[in-house]
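# Reading the structure
So you can see what is in the structure, the chains are spelled out below.
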Amino acid sequence: ASARVVVIGGGYAGATVARSLRASDPSIDVTLIEPRRTFHSCPFSNLVIGGLQPFSVLCFGYDDIAATGVRMVFERAIRVDPVTKTVRTEGDLDFHYDRLVMAPGIEMIWNAISGYNEAAAELMPHAWQAGPQTLLLRKQLEDMPDGGVVVIAPPANPFRCPPGPYERASLIAHYLKTNKPRSKLMILDSKEYFSKQILFQRAWTEIYGDLIEWHGIFDFGAVIAVRPLERVLVTESKEVRADVANVIPPQRAARIAQISGLADETGWCPINPVTFESSLQAGIHVLGDASNAGAMPKSAFSANAQAKVCAVQIARLLKGKPPIRTKLANTCYSLVAPGYGISIAGVYEPGEVLIDSIKGAGGISPIYASAKFRRLEADYGASWYRTITEQVFG
Ligand code: FAD
């Protein structure tokens, strides 16, 4: 009988591994379990929030994946039994696996910020999982009068997409500058510094003047509570009333990974850095944001790269061959304004227990660069998005 691989989660990691497995070895029977028929991409969602792109650029179906021979099951996985090697879905279907790939992304840790629960997210959207939350934040910005205050509250590390909150701040500032120029944007950060900080802050001053005000944790302390009905954020030393509040709470591996015993006390899933097999459960590989991939950031680029490597390793392991050590890479593009892009890149290799960064490889965009250079990077970011979504979902 052909080997069976079940994949939980049809996002950047899961959809990639399902396709790559079929491409590595068409004899492998691949089932992809995903509750939603339309995937909403987080990459590029900041452009939708800033009004630069329509929501439709984020939406992808699974027909082309099914056409590669992947069996699509549009249900939520609710239980994994590592002894009988079975996944149970919400609709009471059971799927047996020889190897399982867990790629369910993240969940918010509700009430880590006191009062910030699912109901609060309907008033103060996180928009950190794309879809209705993206549209809600966009609508709130559209409804806000000129002269309003937008507050973004990013979490401490590690979290999904380290430069994401700052790209979002940039593109909201672009919207405010062009539509509601008397407005302000305040970032109440729960950390001391952030990804590509020098590039972002120089560009902010250059393009947006004093529209964006960033406060590291040393200014007012972390955001510890919210009062959603009043749109108030409470830090350790200050209360701030917002007209639009974008609260991005701390995160961890999604629920199915937690209840399957794959996550440790950090909330993320430890893995073997060569094969991505869980350190806690044999036969289960964890990819993408849910995993603790060491120095690799939680990005769609990383999820996609990890998934391609993992597919090769699973195909080899199923044939009784040893895994091979490979290097991995990541690039995160951020758009600071239309035609103004910046990036950060890294190269990684498996270490003893974690995936380590290769020193001296990678880096950030130059601090001083011409307008043409920034425009080129904006173009690279757009073509990266077209290419990855075509490769994963097209
Ligand atoms: P996801 O893409 O979230 O996919 C997880 C899937 O699992 C979902 O489809 C979900 O429905 C499914 N699922 C969950 N639970 C279950 C279950 N029980 N059963 C079955 N299925 C389940 N990254 C970049 O590289 N570049 C960018 O420019 C970029 N921009 C970003 C901007 C923002 C605002 C944000 C929030 C993120 C951005 N990212 C970017 C990060 C990127 O979105 C994530 O790193 C990436 O989506 C991780 O992929 P994943 O497959 O692990 O998770």
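Thresholds applied
Residue positions within a chain follow its written sequence, with the count starting from 1. Local features are withheld for residues below a pLDDT of 70 in this predicted model, meaning they are given only at 70 or higher, and side-chain atom pairs are given and counted only at 80 or more; totals for whole chains, interfaces and linings count all residues. As a rule here, side-chain values cover all heavy atoms of the structure and leave hydrogens and water aside. Segments assigned H or I by DSSP are reported as helices when at least four residues long, segments assigned E as strands when at least two residues long, and all are numbered from the N terminus. Radius of gyration means the value over C-alpha atoms here, while the globule rule gives 2.2 Å times the residue count to the 0.38 power. Remark: exposure states derive from per-residue accessible area (1.4 Å probe, protein chains only) relative to the maximum for the residue type, with buried under 20%, exposed over 50%, and partly exposed in between. For this purpose, a residue is taken to be near a molecule or strand whenever a single non-hydrogen atom of the residue falls within 4 Å of it. Polar contact criterion, stated in full: a pair of N or O atoms within 3.5 Å, where within protein one must be able to donate a hydrogen and the other to accept it, and residues adjacent in sequence count only if both atoms are side-chain atoms. The Shrake-Rupley method, run with a 1.4 Å probe, gives the accessible areas here. Residue values count only the displayed protein chains as cover. Classes in brief: Ala, Val, Leu, Ile, Met, Phe, Trp, Tyr, Cys and Pro nonpolar; Asp, Glu, Lys and Arg charged; the others, Gly included, polar. The contact rule is simple, with two residues in contact once any of their heavy atoms fall within 4.5 Å. Residues grouped as a nonpolar core are buried Ala, Val, Leu, Ile, Met, Phe, Trp, Tyr and Cys residues, joined through side-chain atoms within 4.5 Å. Two strands form a pair only when DSSP identifies at least two bridges running between them. Axis definition: a line fitted to C-alpha atoms, limited for helices to the stretch in contact. Angles are taken between N-to-C directions and run from 0 to 180 degrees. Working rule for helices: expected span equals 1.5 Å times residues minus one. The arc in question is traced by the directions running from the helix axis to the C-beta atoms. Confidence of the predictor at the level of single residues is given by pLDDT, which spans 0 to 100. For Phe, Tyr and Trp, where Trp contributes only its six-membered ring, two rings pair if their centres lie within 6.5 Å, and the inter-plane angle classes them as stacked under 30 degrees, edge-to-face over 60, or tilted in between. Lysine NZ or arginine CZ positioned within 6 Å of the ring centre and within 35 degrees of the ring normal marks a charge as sitting over the ring.

## Quick look at the overall build of the chain
Assigned secondary structure in the chain consists of ten helices and 25 strands. Against the compact-globule benchmark of 21 Å for 394 residues, the chain has a radius of gyration of 21 Å, which places it among compact chains. Seen through its principal axes, the chain has C-alpha atoms that stretch 65 × 45 × 40 Å. The buried share of the chain, reckoned over its 394 residues, is 55%.

## Details of the site of the ligand
Residues in contact with the ligand amount to 34 residues; listed here are only the nearest, Ala13, Glu34, Arg160, Asp289 and Phe301. Ala13 is positioned such that a nitrogen or oxygen atom in its backbone is 2.8 Å from an oxygen atom of the ligand. Measuring from an oxygen atom of the ligand, one finds a side-chain N or O atom of Glu34 at 2.6 Å. Burial of the ligand by the protein chains amounts to 94% of its free accessible area of 1000 Å². With three residues, the top contributor of residues to the shell around the ligand is helix α9 (residues 300–318). Per-class residue counts for the shell around the ligand are 19 nonpolar, eight polar and seven charged.

## Regarding the environment of Arg227
In this fold, Arg227 is placed in strand β14 (residues 223–227). A relative accessible area of 32% places Arg227 in the partly exposed class. Sequence spacing of Arg227 and Gln391 is 164 residues, and the spatial spacing of their C-alpha atoms is 43 Å. Not counting residues within four places of it along the chain, the set of residues in contact with Arg227 comprises Met124, Val232, Val234 and Glu239.

## What to know about the nonpolar core
Core analysis: the largest hydrophobic core is formed by 104 residues, its most contacted members being Leu185 and Trp204. Counting residues per element, this core draws most heavily on α9, which supplies nine residues. Not counting residues up to four positions away in its chain, the partners in contact with Leu185 are Val150, Ile152, Ala169, Ile172, Ala173, Leu176, Leu211, Ile212 and Glu213. In this structure, Tyr116, Val151, Val223 and Val247 belong to the second largest nonpolar core, which totals 17 residues.

## Focus on the sheet that holds β14
Strands sit in the order β14-β15-β16 across an open sheet of three strands; the sheet is antiparallel. Lying at the two open borders of the sheet, with one neighbouring strand each, are β14 and β16 (239–241). The sheet shows a mean angle of 20° between the axes of neighbouring strands, taken without regard to direction. Pairing geometry for β14 and strand β15 (residues 232–235), over four bridges, is antiparallel. Looking at the pairing, Val226 lines up with Leu233 of β15.

## Observations concerning the sheet that holds strand β1 (residues 4–8)
Working definition: the strands of a sheet are paired by backbone hydrogen bonds and lie parallel or antiparallel to each other. Strands sit in the order β5-β2-β1-β9-β20 across an open sheet of five strands; the sheet is parallel. Edge positions in the sheet fall to β5 (71–73) and β20 (284–286), since each of these pairs with one other strand and no more. Neighbour-to-neighbour, the strand axes of this sheet turn through a mean angle of 20°, independent of strand direction. In terms of strand pairing, strand β9 (residues 99–102) meets β20 through three bridges, oriented parallel. Residue pairing across strands places Leu100 opposite Ile284, the latter belonging to β20. In the packing of helix α1 (residues 12–24) onto the sheet, contacts are made with β1, β2 (29–33) and β9, and the angle to β2 comes to roughly 165°. Contacting β1, β9 and β20, α9 runs over the sheet at an angle of about 165° to β9.

## Quick notes on the side chain of Asp189
Note on placement: Asp189 falls in the loop between β12 (184–188) and α6 (197–208). Asp189 sits in the buried class, given a relative accessible area of 0%. Within polar-contact distance, the side chain of Asp189 engages the side chain of Lys191 at 2.9 Å.

## What to know about helix α4 (residues 132–143)
Working note: α-helix, 3.6 residues per turn, so residues spaced by three or four point in the same direction. For α4, which comprises twelve residues, the first-to-last C-alpha distance of 16 Å matches the rise-based estimate of 16 Å (1.5 Å per residue) to within 8%. Those residues of α4 not exposed but buried are Gln133, Thr134, Leu137, Arg138, Gln140 and Leu141. Down the axis of α4, the smallest arc covering the buried residues is 160°, so these residues share one side. Of the exposed residues in α4, those oriented more than 90 degrees away from the buried face are Pro132 and Asp143. Among the structural elements, α2 (45–49), β11 (149–153), α5 (164–179) and β17 (244–247) are those in contact with the buried residues of α4.

## With respect to the confidence of the model for the chain
Across the chain, the average pLDDT comes to 97, with 100% of residues at or above 70. Interface confidence in the predicted complex, given as ipTM, is 0.99; pTM for the same model is 0.98.

## A short note on the packing of aromatic side chains
Enumeration over the complete set of coordinates arrives at 18 aromatic pairs. The interplanar angle of 55° and the centroid separation of 6.2 Å between the aromatic rings of Tyr166 and Phe200 together place this pair among those described as tilted. Of this pair, Tyr166 sits in helix α5 while Phe200 sits in helix α6, and the two are 34 residues apart along the sequence. What makes Phe200 buried here is its relative accessible area of 0%. Put simply, the rings of Tyr12, Phe39, Phe44, Phe60, Tyr62, Phe74, Tyr385 and Phe393 pair up and form one aromatic cluster. Across the ring face of Tyr175, the terminal group of Arg138 is positioned such that the distance to the ring centre comes to 4.4 Å.

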